[in-house]
Structures are given as C-alpha cells and as structure tokens.
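Examining the three-dimensional arrangement
So you can see what is in the structure, the chains are spelled out below.
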Amino acid sequence: MRLLIMGPPGAGKGTQAVALAKRIGGAHISTGDIFRANVQQQTELGKAAQRFMDAGEYVPDEVTNAMVEDRLAQDDAREAFILDGYPRTVDQVHTLDRILDGFGTKLDGVLELVVDPEELIQRLLKRAETSGRADDTEEVIRHRQEVYTAETAPLLEVYGSRGLVIEVDGMGEVDEVTRRIDAALPS
C-alpha cells in the first residue's frame, strides 16, 4: 500500500503515519527526516540543502524531489510507504507521479485528517506549553493553518479528481483516529 497523509499542523499526521507504516509493513517517509538524514550523513543532496538552509532560504524543489526519489528507491519503501510532508505543491504532485511511474507504481490513496480548526489551535497551544516552544503563539498557529489551507487545497483538488482522497475524522483520541483510518483504507 502506498499512501500520502495530509492534514493541517496539529492534526496528528506524524503520529498516525509512523504507526500506520508499521501496520502496513512499509516506510514512513517524512521530508523533515529525509532532510536531517541527508545533512547529517553529508550526502551530496544534504550538502546542497545545507547551503540553502544556512542562507535562510527554502530548499529548491529539485533538491527536495531528488531526496524523495532517492528515499522511495530504498528497499523498505518498495512495497509500501506513507508519505508525510510531500508533496506540498501541484508541481511536486506531478514530480511524484513521474517518480512513482518510473518505479512502475502509483499512490493507492491520500488520507486527509480532518480536524476542527479551533481544536487544532488548542492542540498546538498545549503542545507549545509542554515543549517550551515560545514561537507557537495563537497568532502564529492561526497563520500556519491559513497557509496550509491555501497551499494544500489545490493538491486535494488534484487527488480528489483522481478519486484518491480518503477523508478521516481526526478528532478524538489517537486510538480512535487509528481505528477510523484502518476502517477507511482500501483493501
């Protein structure tokens, strides 16, 4: 099973993606993890990404795309994976299509965790308290939610037109959401 998980900040994507990857016997592929691993291992892609990050700039799509393609080519991702944090743009959707086509495969579904915006804000404020992240103010969190909505709506339209979007209620306890995901997955 090859899946993409989407949802706004605080929806529980990371938590659910890690657990789901284990349940389906596949890789959890997080762009944040990929960046950190490449930088730490000083790969050519990691060195390229580091130059942009050190300059305070976004890592260009070609570097991100190459890292994702390299990660998808690894053995643990051949049969099953959960993508978390990629793609983020319509251009990246098309690049992912090309990458997967090159491997002779495609996405089986796009899980969208749907959570009430006010619940998301409360979750993130609580997380900010426990993690000591002073930058997670309500204003910053609301802005991140707006950016997510604006940037991901086009991706959901593309995947929705392909019949791939699987909406899952992300409200409630982690175990409840996990059960809903399992019940919603294609067999």
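For the structure, see preceding data.
The structure contained in this document is the topic of the report that follows.

Because side chains alternate across strand S3 (residues 81–84), one face comprises the buried residues Phe81 and Leu83, and the other comprises Ile82 and Asp84, equally buried. By the bridge criterion, four bridges tie strand S1 (residues 2–6) to S3 in an arrangement that is parallel. Each bridged residue has a counterpart across the sheet, and for Ile5 the counterpart in S3 is Asp84. With four bridges connecting them, strand S2 (residues 27–30) and S3 associate as parallel partners. Within S3, the position partnered with Ala27 by the bridge is Phe81.

Moving on, we come to the pairing of strand S4 (residues 109–114). Taken across its six residues, S4 has five buried, putting it largely inside the fold. Both S1 and S4 contribute to a ladder of four bridges, which runs parallel. For Ile5, the partnering residue across the bridge sits in S4 and is Leu111. With five bridges connecting them, S4 and strand S5 (residues 165–169) associate as parallel partners. What sits directly across from Leu111, in S5, is Ile166.

Cut-offs and rules
Residues numbered from 1 in each chain as written. Predicted model: local features only at pLDDT ≥ 70, side-chain atom pairs only at ≥ 80, totals over all residues. Heavy atoms only, no water. Buried < 20%, exposed > 50% of the residue type's maximum accessible area, 1.4 Å probe, protein only. Helix = DSSP H or I, 4+ residues; strand = E, 2+ residues; numbered from the N terminus. Pairing = 2+ DSSP bridges.

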